[in-house]
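# Overview (structure and organization)
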Amino acid sequence: MPYVSGFDRSQMMFCSWDTLVDEQSIARIIDAFVNSLNMNEYGVKVPSVEGRPSYNPKSMYKLYIYGCRKGIRSSRKLSESCKVNIEVKWMTGGIEPDFRTISDFRKENIDSLKKIFHEFNRRISGAVEWGFTSVDGSKMLANNSKDNNFTKNKLDDRIKWLNGHTEEYLRILSDMDEQEEIEESPENLTRELIEEKLKEAQERLEKYLGYQKLMEESGASQLSLTDADAKLMKNKNGFAVAYNPQTAVDSETHLIRDFAMTNQVTDHGLLETTMAGIKEETPTGIVEVVSDKGYEDAEDMINCLGQGIIPHVITDDGKDGYELEIPYKEVTEVDTTSIAPKELKKALHAGKIPEVYKDVISEMRVEEVRRKVVDEAGEKAEVCSAYGTPEEMQKRAEEGYFVRDPERNLVYCPAGEILRQKCIKKNGNIRYANKNACKHCKNRNKCYKGKKGWKEIDFTKDQLQKPCKDWLKAEGKAVEETKRKETWRFEKTNVVKFFLKPNREKTSQRMCISEHPFGTIKRAMGASYFLLRGIRKVAGEFALYCLGYNLERAKNLLGFNKMMELMEKA
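Below, the structure is looked at part by part. Along each chain, residue indices are assigned from 1 in the same order as the chain's sequence is written. This being a predicted model, a pLDDT of at least 70 is required before a residue's local features are given, and a value of 80 or more before pairs of side-chain atoms are given or counted; all residues contribute to the totals for chains, interfaces and linings. To obtain the side-chain values, all non-hydrogen atoms of the structure were used and water was disregarded.

## A short note on the environment of C546
For clarity, the cut-off: Here a strand is any run of E in DSSP of at least two residues, a helix any run of H or I of at least four, and the numbering for each starts at the N terminus. By definition, residues are in contact when any of their heavy atoms lie within 4.5 Å.
With respect to the helices, strands and loops of the structure, C546 is situated in helix α19 (residues 535–558). Taking the C-alpha atoms as reference, C546 lies 8.9 Å from T247; in sequence the two are 299 residues apart. Excluding anything up to four places from it in sequence, C546 contacts F117, I256 and F259.

Here's what the structure looks like:
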C-alpha cells in the first residue's frame, strides 16, 4: 500500500504568511489582544530616536504570551522560536531578537504583566457570568536549590560537623609534628592534602558562621543564597525551596480571576489578601469564597466579613462552623441593611447581624469576659536583668535545665545542643526544637520519653529557663522552681461572640474548582517551577501563566469568533 505523499521541496510556492496560520489558531487571539493594548498605560519605555531602532514592545508581549501558553518559557527557546515557528513569525513580523534582548525586555517590564492579565479578564467579564470564588495555594519550585538554602538548625548542624572535622585535621597534623614518620596515616593522607582539607573546612566554617550571624542579627528564619525571597516549604514530595502562589478561581467558568504571589510557608491568613482585588472590582456586592482547612484563621475570617467577603472555610469532621470573637463597640445607630465595609464592621462590633450575613452568622451575643493583663514594664525590667553570657547559659543548662537566650532566640539543652524556634503558638508561646540533635542524642532517654522522636519545649516571651525534670531525677538533683512571679491583674471587657457556619454545598465543590487550573499550568503548560528570581519578578512570571491558562479556557467557553470580537475592543 503506498504512503501518503508529501510536497516536493524544490517546488516554488507563492502564498501569504496569513495562509500559513490556522484560521482559529490561538495566535490570532493573542495578536488581536496585544495589538489593541495601549502601551503607554503599562509604563513601557519609549525608544530613543538616536541609535539602533528597538523592537516593537507589542511584538515582545506577543512572544511572551504565546510562549507561555505553548510551554516555551526560557529566553533562549523563545529566541529559537522566532526563527523556526511559523505562528511566532506571523505574530512578530519575522523579527529575530536574541535571547539577551528578550530577557532584558521582560526584566524591565515585569510589573506590566499583571496589569495585562487583569485587562484580559476585564474584556471577557462582560461575556461570562461569575459565580463564587475558590482560593487555593500550591508550592511551585523557585530558582534556588536546597543546598543553597539554610535554616538556623541546618547551619548549627553544619558548623558542628565542620568543627569536628577541623579538630580532627589539627590532631593529625599535631601527631605528624610529634613523630618524624607515621607508619600508617589515615586514608594515606599526606601533610599537604591534610592542610588543604583543613583550609577548605576553615573557609566553609567561616562562611557558615557569617550566615549564622546575619540570620541572628536580621531575625530571618531562613537564608536563600540564589533567590533571597524563596523559602523552604513542605510539599507532597518532602521539602523544597519554593513560592506559595494563591489563585482565586471562579466556580462557573474556572477562570483565574486574580492571584497573589507569596513566600509564606502556610496558607494561614491569606484569604483576605487574595480576595482584596476581586472585592475592589465588586464594590456594590458581596463576594463569597471557599477554601480548605489550611486557611483556618479566626482573625482572617473576621477581616473578610468586615470587607464584605463571606468565607466558607472547610471545617474539621464533626464541626459545623467556627466560634468567632471580636471586641464590642457601642454605637447609637447601626444600618444592618448596608453592605458598605464601614457599616458591616460597625454592625459586627455592635453585636448586630447584617442582613447579608443572615444565612452564615448565628448565635450572635454580647458577653462580659475577664482578661488577664500583665504588667509588661515590670516584667521586661526583670527579664533584662537576668540575661547572661552564652557560656553562663550553657553552664546552667548542663545542670539539667533548658535555658533560653532571648537575644539570639535560641535554647540551650542539658545535652549541650542548641534548640531553634519552630513556631509561635496561638497563645503567644514560642516553641523550640532540634529534630536532628534529638534523634542522635545519647542522653535522650534522660530528657524525652515520647513517641514523636524529638523534644519540643515551649517558653513564654519573658521566660528564661525551664527544668528538665527527668534529667534532674536521673542525676539525683532536686528540681528548682524557675517560674517567675508575674505581675498581673484581671480586667473586665465586653466582646461579641458569634457562630460562622460555612455553606457545605459550596465547600464540597472546592477541589474541582481550584485544582484544575494548577494542574493545567503545571502539566499541560510545563510551568511547575519558576525561571526568574525575587518575589516581584516571580509575580510577573506567574501572571503570564495565569494569562496563558485563561486564554485557552476562555476560547473553549466562548468560541473563537466571540473571543476575536472581545479582544479587538479596547
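## Some remarks on the nonpolar core
Selection rule: By nonpolar core we mean a set of buried residues, namely Ala, Val, Leu, Ile, Met, Phe, Trp, Tyr and Cys, connected to one another through side-chain atoms within 4.5 Å. Throughout this description, buried means an accessible area under 20% of the type-specific maximum (1.4 Å probe, protein chains only), exposed means over 50%, and partly exposed covers the range between.
The biggest cluster of nonpolar side chains holds 68 residues, and the ones touching the most others in it are Y61, F120, F542, Y545 and M567. For this core, the element with the highest residue contribution is α19, accounting for 11 residues. If we ignore the near neighbours within four places in the chain, the residues touching Y61 are V34, M39, V44, F105, N109, S112, L113 and I116. L305, I309, I353 and V496 belong to the second largest nonpolar core, which has 29 residues in total.

## Topic: the environment of S125
Here is the rule we go by: Pairs of N or O atoms within 3.5 Å make up the polar contacts considered here, provided that, within protein, one atom can donate a hydrogen while the other can accept it, and that residues adjacent in sequence are counted only when both atoms are side-chain atoms.
When you line up the elements, S125 lands in helix α6 (residues 112–125). Taking the relative accessible area as the measure of exposure, S125 reaches 29% and is therefore partly exposed. Note: C-alpha distance between S125 and L566 (441 residues apart in sequence) is 9.8 Å. Among the polar contacts made by the side chain of S125, one reaches the main-chain carbonyl oxygen of R122 at a distance of 2.7 Å.

## Some details on the packing of aromatic side chains
Formally: Think of it this way: a Phe, Tyr or Trp ring, Trp meaning its six-membered ring, pairs with another when their centres are within 6.5 Å, and the plane angle makes it stacked under 30 degrees, edge-to-face over 60, tilted otherwise. Cation placement over rings: the criterion is NZ of Lys or CZ of Arg within 6 Å of the ring centroid and within 35° of the ring normal.
Tallied over the full model, the rule gives 13 aromatic pairs. Where Y64 meets F105, the ring centres are 6.1 Å apart and the plane angle is 25°; that geometry is what we call stacked. Residue Y64 is found in helix α2 (residues 57–69), and its partner F105 is found in helix α5 (residues 99–108); the two are separated by 41 residues along the sequence. Exposure remark for Y64: the relative accessible area of 3% places this residue in the buried category. In textbook terms, an aromatic cluster arises when at least three aromatic residues are bridged by ring pairs, as seen for F117, Y243, F259, F530, F542 and Y545. Positioned over the ring face of F99 is R76, at 3.8 Å from the centre of the ring. The residue whose ring lies beneath R396 is Y401, and the NZ or CZ to ring-centre distance is 3.9 Å.

## Let's talk about the sheet that holds strand β1 (residues 133–137)
The strands making up a sheet associate through backbone hydrogen bonding, with each pair oriented either parallel or antiparallel. Using the following cut-off: If DSSP finds at least two bridges between two strands, the strands pair. The axes are straight lines fitted to the C-alpha atoms, using for helices just the contacting stretch, and the angles between their N-to-C directions are given from 0 to 180°.
Within the open sheet, the 5 strands sit side by side as β8-β7-β1-β9-β10. Their pairing is mixed. Two strands bound the open sheet, and with one partner strand each, they are β8 (256–260) and β10 (309–313). With direction set aside, neighbouring strand axes in the sheet form an average angle of 25°. Where β1 and strand β7 (residues 246–250) come together, 5 bridges link them in antiparallel fashion. Residue G137 lies in a different strand from β7, and its bridge partner there is Q246. Strands in contact with helix α18 (residues 510–524) are β1, β7, β8 and β9 (287–291); relative to β1, the strand with the most contacts, it is inclined by about 55°.

## Thoughts on the pairing of strand β17 (residues 456–459)
Of the two faces of β17, the one lined by E456 and D458 and the one lined by I457 and F459 are each fully buried. Inspection of the sheet shows strand β16 (residues 430–433) paired to β17 by 4 bridges, in the antiparallel sense. Within β17, the position partnered with I430 by the bridge is F459.

## Points about the side chain of N121
Checked against the element boundaries, N121 lands in helix α6. Contacts of N121, omitting those with residues within four sequence positions, involve W130, I256, R257 and N550.

## Notes on the sheet that holds strand β5 (residues 231–235)
One open sheet accounts for 3 strands, arranged β2-β6-β5; its pairing is antiparallel. Both edges of this open sheet fall to β2 (140–141) and β5, since each of them pairs with a single strand only.

## Remarks on unusual backbone geometry
Excluding glycine, residues mostly carry a negative phi; peptide bonds, for their part, are mostly trans. At H254, a position not held by glycine, the phi torsion is positive, near 65°. By the secondary structure assignment, H254 is in the loop between β7 and β8. Residue N409 is not a glycine yet carries a positive backbone phi of 55°. Within the fold, N409 resides in the loop between β13 (401–405) and β14 (410–412).

## Quick word on helix α20 (residues 560–567)
Our working definition: This arc is built from the directions going out from the helix axis to the C-beta atoms.
All of the buried residues along α20 are F560, M563, M564, L566 and M567. Seen from one end, α20 has its buried residues packed into an arc of 165°, which puts them on one side. In this fold, the buried residues of α20 make contact with α1 (26–35), α6 and α19.

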